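Summary of structural features
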Amino acid sequence: PNSEENIAVNFKKQHPELENTEAYDDLTAFVHSIQVPRKILLMVNAGATIDIILNELTPLLSKGDIIIDGGNSHYADTERRIQNLDKKQIHFIGCGISGGEQGALKGPSMMPGGNENAYAKIEKYLTPIAAKDKNGKPCCTYIGRGGSGHYVKTIHNGIEYVEMQLLAEVYHIFHKMGKNPSEIATILNTWKNEVNSFLLEITIDILSTLENDEPLLNKILDKAGNKGTGNWATISSAELGIPSTLIASSLFARYISSFKDERTALNQIYQKKQAHLNLDNDTILQAYKLARIINHHQGFQLLNEASNSFDYELNLSEIARIWTNGCIIRSELMEGLVSILKSTTNILINDSIIDCLTDNKNSLTKLVVESVSNGLTIPCFSDALNYFNGITEENLPANLIQAQRDYFGAHTYQ
Ligand code: 6PG
């Protein structure tokens, strides 16, 4: 009871590369085997499991030991754990890790946050595990105090949700234009020259995958799940007063998808006409470029506000740098942002971005108009356009909102 007999030992036997490691099924024996100050990396499911393990582990530890949580934990939980363990003079580092299964094998992007002196003691163990950027530097950097590492990972995931949703909307548009998955893969393959990213590459692979001579994608149920980080990113954006509209839309698009039965029933009532989309490849590509810039702009604006509000002192350019390899949102755009974010937190004022948005705005408008008038749902594309139109408008109708608030609630106005 309460022990995982031989699980670790058997796992080790199956993996010859683990020859020089030791495997334990007893926590006390494991803890006693490590040099002090101990450095322990936990890779377990976020949530209650972490607290259960900490309760078992902490009594076995000594002052100065360091625990690293490499899961997708909520940053507030990380703050709480840091404070609790601090009383015992044990350090807790919340380390966002991105890269999925491939990252685990080839090197992930790592976002460690917490006590800086404790980080200095573990840096030499983390950086060799991490992926390397174009210049050979590790995609791992000290993020900041408290739960900042997990906060930054949460916003990474928010940006990830949007990048995935935009590609899903591109697929939806091409599908409604009558193209099959392998034809869409062929088109997206030509996009690599201009907008390459890890997510574009895997999407092309997915679209090309056949199962018994049929596109695998056609057999996958259209209900998207989630494990919470997109939800936390959306809540944080609302709490901090930053309009990360695309993160919210990508999350809600997953929620809408989850109502499959309701959608099917309502589709019988509100039947849709056959779509006739008058869009060409270039228009869709240009619209996609613009929407991705808005996504990254909103994500970094959110990080910037969190940095100010929580005193994280985030270095946005360094964050972009460690996101250029290993992680799910690595892309050529991210590589360009490393230098842009050195001089501004608002990428919309950078000259090359200004040119790109000015050139591609008509395409985004055309894509939204065509899609919406044909009954398609493209929430991230349309929110990108609405955000762009709003953030670039000097005179908004918010004067009327102020007058209404004052009328019924004496809220006053300027
Ligand atoms: C990563 C991923 C990873 C995981 C998330 C995805 O950066 O490696 O983000 O952390 O796949 O759980 O979130 P959802 O399960 O909510 O899509």
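The rules behind these values
- Residues numbered from 1 in each chain as written.
- Predicted model: local features only at pLDDT ≥ 70, side-chain atom pairs only at ≥ 80, totals over all residues.
- Heavy atoms only, no water.
- Salt bridge = Lys/Arg side-chain N within 4 Å of Asp/Glu carboxyl O.
- Helix = DSSP H or I, 4+ residues; strand = E, 2+ residues; numbered from the N terminus.
- Buried < 20%, exposed > 50% of the residue type's maximum accessible area, 1.4 Å probe, protein only.
- Polar contact = N/O pair within 3.5 Å; in protein donor to acceptor, adjacent residues only side chain to side chain.
- Contact = heavy atoms within 4.5 Å.
- Axes fitted to C-alpha atoms, helices over the stretch in contact; angles between N-to-C directions.
- Parallel < 35°, antiparallel > 145°, perpendicular 65-115°, else oblique.
- Left-handed = near helix turned anticlockwise from the far one by under 90°.
- Near = heavy atom within 4 Å.
- Areas by Shrake-Rupley, 256 points an atom, 1.4 Å probe, with all protein chains shown as cover.
- Nonpolar A, V, L, I, M, F, W, Y, C, P; charged D, E, K, R; others polar.

In total, this model carries 13 salt bridges according to the counting rule given. Among the salt bridges present, the one from Arg 81 reaches Asp 51, with a minimum N-O distance of 2.9 Å. Residue Arg 81 is found in helix 4 (residues 75-86), and its partner Asp 51 is found in helix 3 (residues 48-57); the two are separated by 30 residues along the sequence. We classify Arg 81 as buried; its relative accessible area is 2%. Of the residues examined, Asp 51 reaches a relative accessible area of 23% and is grouped as partly exposed. Lys 289 is the salt-bridge partner of Glu 194, the closest N and O atoms lying 2.5 Å from each other.

Right, let's talk about the side chain of Asn 374 for a bit. Looking at the element boundaries, Asn 374 is found in the loop between helix 16 (351-373) and helix 17 (379-391). A polar contact is formed between the side chain of Asn 374 and the backbone oxygen of Glu 370, at a distance of 2.8 Å. Among residues more than four places away in sequence, those in contact with Asn 374 are Ala 275, His 276 and Leu 277.

A separate point is the packing of helix 11 (residues 245-258) against helix 17. Close contact between helix 11 and helix 17 brings their axes to 9 Å; oriented N to C, the two are set at 160°. As summarised for this structure, helix 11 and helix 17 are arranged roughly antiparallel, according to the angle between their axes. The two elements helix 11 and helix 17 meet at a crossing, and its hand is right-handed. Contacts between helix 11 and helix 17 pair Thr 245, Leu 246, Ser 249, Ser 250 and Ala 253 from the former with Pro 379, Cys 380, Asp 383, Ala 384 and Tyr 387 from the latter.

Surrounding the ligand, one finds 14 residues, the nearest of these being Asn 72, Ser 98, Glu 160, Tyr 161 and Lys 227. Asn 72 places a polar side-chain atom, nitrogen or oxygen, 2.7 Å from an oxygen atom of the ligand. Gly 99 places a polar main-chain atom, nitrogen or oxygen, 2.9 Å from an oxygen atom of the ligand. Contact with the protein chains removes 80% of the 410 Å² of surface that the ligand exposes when unbound. Per-element tally for the shell around the ligand: the top contributor is helix 7 (residues 148-176), with 5 residues. Considered class by class, the residues forming the shell around the ligand number 2 nonpolar, 8 polar and 4 charged.

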